[in-house]
Amino acid sequence: MNWLQRHIRPEQIRELSLLLLIVIAILVFGSLIDGYYTFRTFNRIASSVAIITVVAVGQTLVVLTRNIDLSVGSIVGFTAYFVGTLIASYNSINPLLAVVIAILLGAGLGVVNGALVAWGKVPAVVVTLGTLAIYRGVLVDLSGAKTVTTDSLPQWLIDLPLLNVVPIGSLDIRALFALALIIVVLFHLGASYLSFARRFYAIGSNPEAAQLIGLPLKGVVFFAFVICGALSGLGGFMMLARFGNITVEAGRGLELNVVAAVVVGGVNIFGGSGTVTGAMLGAVLIGTLEQSLFRLGISEFWLNAVLGLLILLAVASDAVILQRLRALWARAELKLIADAPKKGSQP
Amino acid sequence: MTNAAATLKRWETLMFALLVVIIALNSLDSRYFLSIGNFINLFQLSIEKSIVVLTMTLVIIGGEIDLSVASVMGLAACVAAWTFQHGAPMPLAVLFALVAGVLAGLNNAFWIAYIGLPSLAVTLAGLIGYRGVARILLEDRAIGGFPDWFNRLGQQAMIGPLTASIVIFFALFVFFAIVLHGSALGRLIYAVGSNVQAARYSGVRVGIVKTDLFVGSAFVAAVAGVLYAARLGSVRGDMADGFELDVITAVLLGGVSIFGGKGNLVGVGLAILVILNLRNGMGLANITGNTQNYVIGGILILSVLAPNVWQDIRNKWKGRGT
């Protein structure tokens, strides 16, 4: 087993290749578009990616456990609208409290999904297809077709998306993107090192085995949906901050973008493998393509066709290349084990 | 086996009882409900979705899913409109649309059956990609002005009071019922859906079964897309956007297991009737389309949840007895 194989896992190669793909995309677009390498481009991509990324982190956890949450778009719209209405009527509300309310509201909707999947034993696709319609429907009914408008919101919320958290020279890392980065780092570290979080992987790889060794299967699945709901709630708050104007249609169809980001990011749709960072890279790649194709003056109508092809290629490369890589790594490891006693026998 | 048969029986009884209750409530609520005209109207208003539900049933029983159907409907309609606008006679344009559908299906099948990718991912790419191609063709224009015979196809009664779309739906229902419940291919679909490994080791050519499923699904979606264009009389790039969710809802409500191998067309047929009557009844009672959507979402979840909870309670009861 050579040095490279000892220090890098196949999954990390996948992430590196995604990163490479993003770099290539940026170089190609940079040579095609005048004035592409500016911080404006960066900001535009970063702010369009931030919301998708946060929701995709939650979706990743759910997909890891062999489930799927199709209701995220409705949860984002639900929280964006109701937290927006709340802030609009109580302009003096503590900003932190508003964020916490958004997260709790999302988590509450996630509790419904999780309980129905884990204890109701209803397949996740059925539950979340239902709640996709239910959450949106309740939102439309309760709203009375009113909208949240920017002029009813307090100044801090309107300024938030432009708030510059980390000025590096003239490069801004704006608040929403910084928030997304923090979430990704937290969840990546958590999912990699917390023994609790490794259960997501264990259950997704082999539910029967996980149950036999005594992992609380239902509890973990439930928890994944609650976290996904909570992050979707946060995504709803971010959407409110970014757009200001929130109609009852906010976030409709977002679930497809989120699932696309997760799938492009190399999270196995059958559970058990994939990382939060991969999902973010997937979101960034899609966001870069979206924003750049738009700048290129290519008709926006081409975007979806390109995106569809990209998802297909990402999944195909994942299946074909990664399988070979894993086999290579496994062989190297076997060899290592086989070689070990020989060395030990001659002290 | 008898246990499974009993469960299936119970499912259809449940659906049928639900249907009877809904029809009874509706006819009490509005005296217009129990008229032939209303029933035809009921079918006609979402007949294209109902047609696609039939093939989706086969795909899900086969253990797969096809999220791209609505985009294939849109693509087929756009191909027909685009070729017609560029001078092709309408029959040829329809032929092009159907060919586009078959190509989309072959593309799905290639990645799923021969490369071995999950159908959820492949058809999600298809959902986005085929819609993209449709948009490239029409951009944000709407194309109409089709020949009269084409528009009549979608709008005018053909046999008695039935329109062509409704006739096609019933013909396809019978056809797919025979395929699924009376043919070798049907048995293979159940076999692949319940245990793909076992099917493969028993010598089933799984790749061919899956290819049949996805090409069939896309072809029927293309037919539905053309019929939709004929009914509306004009085509736009975002046509049939989001239909896939309604289609899948109907199939699952029909008692088909999302994990494959279980379910039948009778249950799905009843589910279509339940949804249509429910929507129609609520519409006559002035309940908005939005409320209708979430009532159906709730029924979808309850229809799977209720038997599970019932089973749990029975198990607990038995446990206490012994």
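Definitions and cut-offs
Residues numbered from 1 in each chain as written. Chains lettered and ligands numbered in written order. Predicted model: local features only at pLDDT ≥ 70, side-chain atom pairs only at ≥ 80, totals over all residues. Helix = DSSP H or I, 4+ residues; strand = E, 2+ residues; numbered from the N terminus. Rg over C-alpha atoms; globule rule 2.2 N^0.38 Å. Buried ≥ 20, exposed ≤ 12 C-beta atoms within 10 Å, placed from the backbone. Contact = placed C-beta atoms within 7 Å. Nonpolar A, V, L, I, M, F, W, Y, C, P; charged D, E, K, R; others polar. pLDDT = per-residue confidence, 0-100. Core = buried A, V, L, I, M, F, W, Y, C linked by C-beta atoms within 7 Å. Pairing = 2+ DSSP bridges. Axes fitted to C-alpha atoms, helices over the stretch in contact; angles between N-to-C directions. Parallel < 35°, antiparallel > 145°, perpendicular 65-115°, else oblique. Left-handed = near helix turned anticlockwise from the far one by under 90°.

(A) Structural view of the overall build of chain B. Across its full length, chain B carries 14 helices and four strands. At 21 Å, chain B has a C-alpha radius of gyration in line with the 20 Å of a compact globule built from 322 residues. Summarising its shape, the C-alpha atoms of chain B cover approximately 75 × 55 × 30 Å along the three principal directions. Put simply, chain B has 322 residues, and 48% of those count as buried.

(B) Representation of the overall build of chain A within the structure. In terms of regular secondary structure, chain A is built from 14 helices and two strands. The C-alpha atoms of chain A give 22 Å as radius of gyration, which agrees with the globular expectation for 347 residues (20 Å, within 12%). Expressed along its principal axes, the backbone C-alpha trace of chain A runs to roughly 80 × 55 × 35 Å. Looking at chain A as a whole, 48% of its 347 residues are labelled buried. A fraction of 78% describes how many contacts in chain A between residues 6 or more apart in sequence connect residues 24 or more apart.

(C) Here's a closer look at the interface of chain A and chain B. Each side of the interface is counted separately: chain A has 37 residues, and chain B has 38 residues. When residues in the side of chain A that touches chain B are grouped by element, the largest group, 13 residues, is from helix 14 (residues 301-344) of chain A. Taken together, the residues that form the side of chain A that touches chain B break down as 28 nonpolar, seven polar and two charged.

(D) Structural view of the confidence of the model for chain B. Residue and element names in this part refer to chain B. This prediction gives chain B a mean pLDDT of 88; 96% of its residues lie at or above 70. Within chain B, helix 3 (residues 47-61) carries the highest mean pLDDT (96), whereas helix 1 (residues 2-29) carries the lowest (76). Overall fold confidence for the complex sits at a pTM of 0.86, while the interface term, ipTM, reaches 0.81.

(E) View of the nonpolar core. Core analysis: the largest hydrophobic core is formed by 212 residues, its most contacted members being A:Val263, A:Ile311, B:Met73 and B:Ala77. Element by element, the count of residues in this core is highest for helix 11 (residues 217-243) of chain A, at 17 residues. Apart from the residues within four sequence positions on either side, B:Met73 is in contact with B:Glu48, B:Ala221, B:Ala224, B:Gly225, B:Tyr228, B:Met239, B:Ala240 and B:Phe243.

(F) Expanded view of unusual backbone geometry. Look at A:Lys121: it is not a glycine, yet its phi comes out positive at around 55 degrees. Examined against the element boundaries, A:Lys121 turns out to sit in the loop between helix 5 (95-118) and helix 6 (124-143). A positive phi angle, near 60 degrees, is found at B:Asn286, a position not held by glycine. One can find B:Asn286 in the loop between helix 13 (265-284) and helix 14 (289-321). Note on B:Asn286: 6 C-beta atoms within 10 Å, which makes it exposed.

(G) View of the environment of B:Ala221. Residue and element names in this part refer to chain B. Mapping Ala221 onto the fold places it in helix 11 (residues 206-232). Sequence separation between Ala221 and Ser71 is 150 residues; the distance between their C-alpha atoms is 8.8 Å. For Ala221, the contacting residues outside a window of four places in its chain are Val52, Val69, Val72, Met73 and Gly101.

(H) View of the confidence of the model for chain A. Across chain A, the average pLDDT comes to 87, with 96% of residues at 70 or higher. Averaged pLDDT values for the elements of chain A fall to 71 in helix 1 (residues 3-7) of chain A and rise to 96 in helix 5 of chain A.

(I) Structural detail: the pairing of strand 2 (residues 171-174) of chain A. Residue and element names in this part refer to chain A. Of the two faces of strand 2, the one lined by Asp172 and Arg174 is fully buried and the one lined by Leu171 and Ile173 carries no buried residue. Inspection of the sheet shows strand 1 (residues 164-168) paired to strand 2 by four bridges, in the antiparallel sense. From the neighbouring strand, Asn164 faces strand 2, where its bridge partner is Arg174.

(J) Highlighting the packing of helix 5 of chain A against helix 6 of chain A. Residues and elements named next belong to chain A. Two numbers describe how helix 5 lies on helix 6: the axes approach to 9 Å, and their chain directions differ by 150 degrees. One finds that helix 5 runs roughly antiparallel with respect to helix 6. Handedness of the helix 5/helix 6 crossing: right-handed. Where helix 5 approaches helix 6, its residues Leu109, Val112, Asn113, Leu116 and Val117 are matched on the opposing element by Ala124, Val127, Thr128, Thr131 and Tyr135. Looking at the contact of helix 5 with helix 6 residue by residue, the class counts come to seven nonpolar, three polar and no charged.

(K) View of the packing of helix 4 (residues 72-89) of chain A against helix 11 of chain A. All names here are of chain A. At a minimum axis distance of 7 Å, the contact between helix 4 and helix 11 shows a crossing angle of 50 degrees. Viewed along their axes, helix 4 and helix 11 adopt a mutual orientation that is oblique. Judged by the twist between their axes, the crossing of helix 4 over helix 11 is right-handed. Of helix 11, the residues touching helix 4 (which contributes Val72, Ile75, Val76, Gly77, Phe78, Thr79, Ala80, Val83 and Gly84) are Cys228, Gly229, Ser232, Gly233, Gly235, Gly236, Phe237, Met239 and Leu240.

(L) Main features of the environment of B:Asn264. Locating B:Asn264 in the fold gives a position in the loop between helix 12 (243-253) and helix 13. The sequence separation of B:Asn264 and B:Thr211 amounts to 53 residues, and the corresponding C-alpha distance is 20 Å.

(M) The arrangement of the environment of B:Asp241 in detail. Residues and elements named next belong to chain B. Examined against the element boundaries, Asp241 turns out to sit in the loop between strand 4 (234-236) and helix 12. In this structure Asp241 comes out as partly exposed when scored by C-beta crowding, with 16 C-beta atoms within 10 Å. Expressed as a C-alpha distance, the spacing of Asp241 and Ala70, which sit 171 residues apart in the sequence, is 6.1 Å. Apart from the residues lying within four places of it in its own chain, the contact partners of Asp241 are Ala70 and Gly74.

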